[in-house]
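Given next are the chains, with one letter for each unit.
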Amino acid sequence: MIPFYTPERFTAAFLSRKKKNSQREQEVLVTAKRVLDDIRENGEEALKKYVQQFDGTVPSNWEVTKEERKQAWDDVDPKTIAALQKAADNIRQFHQKQLPISRTMELSDHIQSGQLYRPIERVGIYVPGGTASYPSTVLMNAIPAVLAGVQDVIMVSPARNGQSIKSVLLVAADIAGVQTIYKLGGVQAIAALAYGTETIEPVDKIVGPGNAYVAAAKSLVFGEVGIDMIAGPSEVAIIADETADPIFVAADLIAQAEHDKNARAFLFTNSPFLAEATKAELEKQCASLPRESIATAALEQHGATVQVNSIDQAFELVNKLAPEHLEIQLQDPMTYLGKVRNAGSVFLGSYTPEALGDYYAGPNHVLPTSGTAKFSSGLSVDDFLTKTTYLYYGKSALVEAAPHITRIAEEEELSGHARAVQKRLDKRE
């Protein structure tokens with residue numbers, strides 16, 4: 001079910017940096033670029049061509065109407081709506097605390113500097129809508145954007161049979177404050193958001209998850225628009241000892257593995273008993289899982305139970321792995337939080353499953369994957385703001401600074417820089 005590894009074998013198998021793009025990844029990039037270039041060059045005509053090719057039907061209108069959005073509320077179970085509203089409240093409350101304050105620093109009567117925060121004007125949110133729908137994705141991406149003050153929050157999601165987006169996604173969009181929704185998915189949706197067409201205005205930044213083609217498209221348009229991140233397969237690492245419940249541990253590994261066959265789920269433990277008991281639980285619980293074949297494939301091909309010599313060694317390996325999600329199922333888990341250097345989000349204790357973060361508790365579930373937690377962070381309000389610094393110097397302040405500026409400019413052989421200062425000194429005479 002899930003292979004066992006020594007720390008040495010795990011390091012060689014999962015922590016090596018020698019990975020190269022596969023032929024499949026190269027083919028995905030080539031296809032994505034072809035679609036992007038065509039839509040950029042030919043606009044609406046090319047957009048319709050690819051929607052017809054990949055989705056089978058071109059919607060009569062791209063934008064979801066007010067009537068369609070209103071009807072969605074009648075189509076969704078009130079209990080689901082209540083759950084989404086409560087989750088949105090939690091997400092909103094958590095992210096509200098992230099709002100920064102513009103500040104000014106007065107160094108003297110003649111010198112001021114500071115930093116201004118301004119919201120990005122237009123943000124596009126990609127929401128998958130194929131065999132599964134993820135209203136939590138809508139909440140997690142849109143709410144921080146709205147709180148940041150983004151003027152136009154635009155959502156794209158593929159329509160079923162070219163007709164409609166799943167009602168639960170439309171309800172989530174209303175709850176989160178999305179202004180405009182387009183019936184678009186795949187690379188063609190990224191192209192429309194990045195370049196615009198005759199009927200769709202381009203955005204300034206694109207966020208949200210998608211399949212390999214969507215991820216490739218986001219990587220290719222980066223630079224012309226901003227993006228949140230290039231997400232890899234979802235992953236969880238669990239550090240647990242003999243006090244952990246193997247039923248809980250197995251359930252959390254499965255919860256990650258059921259995402260898709262490339263999902264990664266790792267258990268690090270110094271307890272041989274827990275390792276064996278969890279393996280047995282995995283077999284038992286997977287047998288009754290609707291997505292059993294997906295979870296089993298992920299665990300067998302991309303999962304691992306690592307039998308460490310100590311909990312300290314477990315943290316050493318996990319910090320090198322830099323997982324998207326880290327669960328700490330140890331006695332007194334809060335005492336171990338300081339050992340975590342690299343992780344997207346940390347879940348402490350046996351009664352804090354990752355599913356809490358995925359759906360409900362408040363912290364964002366859009367997190368760095370594939371080791372990128374070493375240098376990046378999860379989605380936040382900050383991702384929807386720009387930071388502009390400003391500076392004011394009076395004449396006397398520039399006079400005092402001039403010799404130092406000139407000295408550095410001369411060292412760098414940029415005489416124009418020094419001259420820009422000297423001209424002002426000459427003028428004051």
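Above this text you will find the structure in question.
Residues numbered from 1 in each chain as written. Predicted model: local features only at pLDDT ≥ 70, side-chain atom pairs only at ≥ 80, totals over all residues. Heavy atoms only, no water.

A. Spotlight on the pattern of salt bridges. Evaluated as defined, the whole model comprises 14 salt bridges. Among the ionic pairs, D37 bridges to K33, the shortest N-O distance being 2.7 Å. With D37 and K33 both in helix α2 (residues 23-42) and four residues apart, the pair spans about one turn of that helix. According to the relative accessible area criterion, K33 is partly exposed, its value standing at 45%. Notably, a salt bridge pairs D152 with R122, separated by 3.4 Å at the nearest N-O pair. Of the two residues, D152 is situated in strand β5 (residues 152-157) and R122 in strand β4 (residues 122-126); the sequence distance between them amounts to 30 residues. Overall, the relative accessible area of 24% leaves D152 in the partly exposed class. The exposure class assigned to R122 is buried, which follows from its relative accessible area of 14%. Residues joined by salt bridges that share partners form a network here, namely R407, E410 and E411. (Salt bridge = Lys/Arg side-chain N within 4 Å of Asp/Glu carboxyl O. Helix = DSSP H or I, 4+ residues; strand = E, 2+ residues; numbered from the N terminus. Buried < 20%, exposed > 50% of the residue type's maximum accessible area, 1.4 Å probe, protein only.)

B. Looking closely at the layout of surface pockets. In this structure, the second largest pocket spans a volume of roughly 260 Å³. As for the second largest pocket, its lining consists of 18 residues, and the residues nearest its centre are F94, G344, S345, P363 and N364. In terms of residues, the lining of the second largest pocket owes the most to one element, strand β13 (residues 345-348), which gives three residues. Class assignment for the residues of the lining of the second largest pocket results in eight nonpolar, 10 polar and no charged. (1 Å grid on protein atoms, 1.4 Å probe; cavity = no way out; pocket = protein on both sides within 12 Å on 5 of 7 lines; lining within 4 Å. Points joined across faces, edges and corners; volume = space filled by probe spheres on them. Nonpolar A, V, L, I, M, F, W, Y, C, P; charged D, E, K, R; others polar.)

C. Structural detail: helix α6 (residues 135-148). Between its first and last C-alpha, α6 extends 20 Å over 14 residues, near the 20 Å set by a 1.5 Å rise per residue. The largest bend in α6 amounts to roughly 25° and is located at A142, with the proline P144 lying one to four residues further along. Across the 14 residues that make up α6, a large majority, 13, are buried. (Expected span 1.5 Å × (residues − 1). Bend = angle between axes of the 7 residues up to and from the residue.)

D. Just the side chain of T278, in detail. Inspection of the secondary structure assignment puts T278 in helix α11 (residues 272-286). A polar atom in the side chain of T278 sits 2.8 Å from the backbone oxygen of L274. What T278 contacts, discounting residues up to four positions off in sequence, is P246, V249, A250, L253 and L267. (Polar contact = N/O pair within 3.5 Å; in protein donor to acceptor, adjacent residues only side chain to side chain. Contact = heavy atoms within 4.5 Å.)

E. Looking closely at the environment of F375. Among the structural elements, F375 can be located in the loop between α14 (354-359) and β14 (385-393). F375 sits in the exposed class, given a relative accessible area of 67%. Taking the C-alpha atoms as reference, F375 lies 9.5 Å from A322; in sequence the two are 53 residues apart.

F. Examining the packing of aromatic side chains more closely. The full count for this structure, using the stated rule, is nine aromatic pairs. Taken together, a centroid distance of 5.2 Å and an interplanar angle of 85° make the contact between F10 and F268 edge-to-face. With a gap of 258 residues between them, F10 in helix α1 (residues 7-14) and F268 in strand β10 (residues 264-269) connect regions that are remote in the sequence. Given the relative accessible area of 0%, F268 is considered buried. (Phe/Tyr/Trp six-rings, centres within 6.5 Å; stacked < 30°, edge-to-face > 60°.)

Nothing here speaks to function; it is geometry throughout.
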